[in-house]
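# Reading the structure
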There are 2 protein chains.
Amino acid sequence: MNKQEALRLIEEIALFGKGEKGITRLAFSESDIQARNYIIKLVQAMGLLVRVDGAGNIIARLEGSDPERAVVMTGSHLDTVPEGGKYDGTLGVVAAIQAVKELQTRGTLAHPVEIVIFAAEESSRFGLATFGSKAMTGQLHVHTLSRLKDENNITFKEVIEQQGLSVASVKQAARSAKTIKSFIELHIEQGRILERQKNSIGIVDSIAAPTRCKITVDGVAAHSGTTPMDERQDALVSAAMIVLAVQEIALAQSHYGTVATVGALKVQPGAVNVVPGRAEMWVDIRGIDHDSIIATMQELKDAISAIADAQETPVSIEVTSAEKPVAMDEEMAELIESICRDKKIACQRLHSGAGHDAMNLAHVAPSGLILIPCKDGVSHNPEEAVAEADIMTGIEVLTEVLYQLAR
Amino acid sequence: MNKQEALRLIEEIALFGKGEKGITRLAFSESDIQARNYIIKLVQAMGLLVRVDGAGNIIARLEGSDPERAVVMTGSHLDTVPEGGKYDGTLGVVAAIQAVKELQTRGTLAHPVEIVIFAAEESSRFGLATFGSKAMTGQLHVHTLSRLKDENNITFKEVIEQQGLSVASVKQAARSAKTIKSFIELHIEQGRILERQKNSIGIVDSIAAPTRCKITVDGVAAHSGTTPMDERQDALVSAAMIVLAVQEIALAQSHYGTVATVGALKVQPGAVNVVPGRAEMWVDIRGIDHDSIIATMQELKDAISAIADAQETPVSIEVTSAEKPVAMDEEMAELIESICRDKKIACQRLHSGAGHDAMNLAHVAPSGLILIPCKDGVSHNPEEAVAEADIMTGIEVLTEVLYQLAR
């Protein structure tokens, strides 16, 4: 295994979208396209057969001795959140490449192995997460695509069309379940469990599902100098109360592993001398206990209703996604466990609070998710850091899993 | 007095910057420049001598029989807040034009009369209020201009340079106090006092001064799915607490006439799946009781300090302006009162919660501010509305004041 090559590749990918603070490689942005093109050239140079499917997923295939057999698939994503880190997604892409390089040295395997770089995994730009893997597994409501746009009002449709894709081609990206033997993804944990337990490998049992909603508070825009305090219908004051309600409700539910976040808030008209007339907020609720998520959502609705009445600021809630937690394949988990045991690598089972492409693949094929520790659990942040030894362990386990599945 | 002409002019100006919601004619924006050019042509067509000073103030002069005498000045502004109304500023410009048209029919007056359209009165775009009148009265710290920029990072310097102005020319816009005999401005009240008291004219005793600060909360950006609730340093949660503290403190001080508003709040990175790492807020505190404003600011600082400590999110406060309330000229107020008495117009004295160009002129010349009622006190809002009869009464009183001062 070439350690320096893996580390260098991570650094090279990190240059695409590198800014003053972290890496901003939003889905289908110029820097994302540049990173994707860089990887396409790299996997072509490895002698793999490369194609881009109708959803923009890059698929690089190591042919098997029997091309008719179902493929063993691995991969992750290259797009990032705004001001993100070097490892989220990128690690899984680099690990897949390094693992396949190693497999190439072991002679032809029975099953084809495919590296997939999933398109638009992060929801940051268009509010839709794991676009590429949803498309590939036929879980996308294509009609919802037409109303997606980013904060500059650039539509998703227009963005994919610039890449030679279309709503129709996205539909065609769906693959039949029987063509995929299994899927395995390597990712950083984005939490602190492995670090605390001093384990190098985490084997995911289930992936938490995000429930997301957009909350809009309507107040009355008014002059900030002349409108008495007791006559205001200040949308931001109500929004602030909702932010604190989200926090309080999630704290009370946190023993079920549920978390809730107001990640974005926009104020209109947003001038220093105008009482806010409108506030829009985006809430993300996650957990592995579905009942707790439902309870959190219900309590939030009750709290919002009380705030709206008391403040005389009508509030509307639009639930934009409500997914169920997804179980990973037990046989796959046991395979990973046995590989770790053989190699004397400290591992443990855990849940993933973060969503991943693996949760979509799990609907069509036995799927696994391997996590490695990241420093202080920090992710979606420029400070994201991973120990070199853990990267190498992750690649080693991934390689062995692919080998066992494909040979 | 030509009533239809005044109303038509208001509607015509309202077309510049008209959007789906209200009028957005930000200082020195394209629509502001278009409205200004429209007015320049209009006052030129009246036979007035028109010039634009080094700060972009438009000055249209009706010559007096003795051009050496100090000028009687009137005017207001054309720029608006984002999604503002038709009357804020515009009313004073239209009234000045209509009043001077009437004066032109009364033969030559002893003093010159000048209509001034002050540049960049609203603070919405660059965070600096009453730029033009500050420049004209020599109250501008020219070195502060160099760090002003709008939310698209367009600098104030670059914007005025596009208009053929410069930091040096702004300095030259300052006029000697002895060249100005008096200043009188007509404006909508932007409050409900006149409407409630059923008075047509308000005569302002003093103008509240804004104290403004920018508050920055530093949290830690983190993954919204994997970061446990009790390990977060969520900048938006702290910001929400500060919004509510501002509200609570201002409510307690409201019997002194003090108000406080968080008009703008920005969250970084602002993605639905990232715990906010930073929040920036802009606070506006106003009142006519200087001690109450100081107390409000102190209590806010104490509250912020407690929130910063408890939440482990450092908070910095940058005070961007701290002005004292300004008294209007008593003789001028008495003149307006006597005119109302003669014309049997119901009037009253009041304070102005809103800042106006008149507060800067008051530092160099006896100044007055006449207010007319606006519906429900609503302003800085597309719903701004004024009764036609009140507009005509306002123009009538303004005309008579100018006549008495200039004859």
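Counting starts from 1 at the beginning of each chain's written sequence and moves along it residue by residue. A letter from A marks each chain and a number from 1 marks each ligand, given out in the order of writing. Only residues with pLDDT of at least 70 get local features here, since the model is predicted, and only at 80 or more are side-chain atom pairs given and counted; chain-wide, interface and lining totals rely on the full set of residues. Water and hydrogen atoms play no part in the side-chain values, which are based on all heavy atoms of the structure.

With an unreviewed UniProt entry as reference, chain A is termed N-carbamoyl-L-amino-acid hydrolase, source organism Propionispora hippei DSM 15287.

### Here's the deal with the UniProt feature "binding site: Zn(2+) 1" (unreviewed entry) in chain A
Residue and element names in this part refer to chain A. UniProt positions are given in the numbering used here, feature names are shortened, and annotations may be inferred rather than shown by experiment. According to UniProt, the feature "binding site: Zn(2+) 1" (unreviewed entry) maps to His77, Asp88 and His187 in the numbering used here. Their sequence span is 111 residues, while the largest C-alpha to C-alpha distance among them is just 9.8 Å; these annotated residues converge on one region. To qualify as a helix, a DSSP run of H or I must reach at least 4 residues; to qualify as a strand, a run of E must reach at least 2; elements of each kind are numbered from the N terminus. Within the element layout of this structure, His77 appears in strand β3 (residues 71–77). Note on classification: 1.4 Å probe, protein chains only; a residue is buried when its accessible area is under 20% of the maximum for its type, exposed when over 50%, partly exposed between these limits. Judged by its relative accessible area of 0%, His77 is buried. Contact definition: two residues touch when any of their heavy atoms are within 4.5 Å. Among all residues touching His77, those that are not within four sequence positions of it are Asp88, Gly89, Thr90, Val93, Phe118, Glu121, Glu122, His187 and Asp357. Polar side-chain contacts of His77 include one of 2.9 Å to the backbone oxygen of Asp79. Pairing of N or O atoms within 3.5 Å defines a polar contact, subject to two protein rules: one partner must be a possible hydrogen donor and the other a possible acceptor, and residues neighboring in sequence count only if both atoms are side-chain atoms.

### Some thoughts on the environment of Asp66(A)
Residues and elements named next belong to chain A. Mapped onto the elements of the fold, Asp66 is located in the loop between β2 (58–62) and β3. Taking the relative accessible area as the measure of exposure, Asp66 reaches 28% and is therefore partly exposed. Put simply, Asp66 and Ile307 are 241 residues apart on the chain and 63 Å apart in space, counted from C-alpha to C-alpha. Beyond its immediate sequence surroundings of up to four residues, Asp66 is in contact with Ala110 and Pro112.

### Notes on the relation of the copies chain B and chain A
A least-squares fit on C-alpha atoms brings the copies together, and the residues used are those whose pLDDT is at least 70 in both copies. With an RMSD of 0.1 Å, the fit of chain B onto chain A corresponds to turning through 180° and sliding 0.0 Å along the axis. Here the symmetry operator amounts to a two-fold rotation axis. The C-alpha atom lying nearest the rotation axis in chain B is that of Ala240(B); the distance is 2.1 Å. Take the interface residues of chain B: 100% of them recur as interface residues in chain A, which is what a same-surface contact looks like.

### Side note on the domain arrangement of chain A
Residues and elements named next belong to chain A. Reported domain spans reflect what an automatic or database domain assignment gives. What the domain assignment lists for chain A is domain 1 (3–208 + 325–406) and domain 2 (209–322). Residue-level contacts link 13 residues of domain 1 with nine residues of domain 2. Joining two parts hides part of their accessible area as seen by a 1.4 Å probe, and the buried area is that hidden amount summed over both. Interface of domain 1 and domain 2: buried area, both sides summed, is about 770 Å²; carbon and sulfur atoms make up 57% of it. Salt bridges are defined by distance alone: a side-chain nitrogen of Lys or Arg within 4 Å of a carboxyl oxygen of Asp or Glu. Where domain 1 packs against domain 2, one counts one salt bridge. The salt bridge partner of Lys266 is Glu151, with a shortest N-O separation of 3.2 Å. Where domain 1 meets domain 2, there are two residue pairs in polar contact (both at pLDDT 80 or more). Counting residues per element, the ones that place at least two in the side of domain 1 that touches domain 2 are β6 (201–207) and β14 (347–352).

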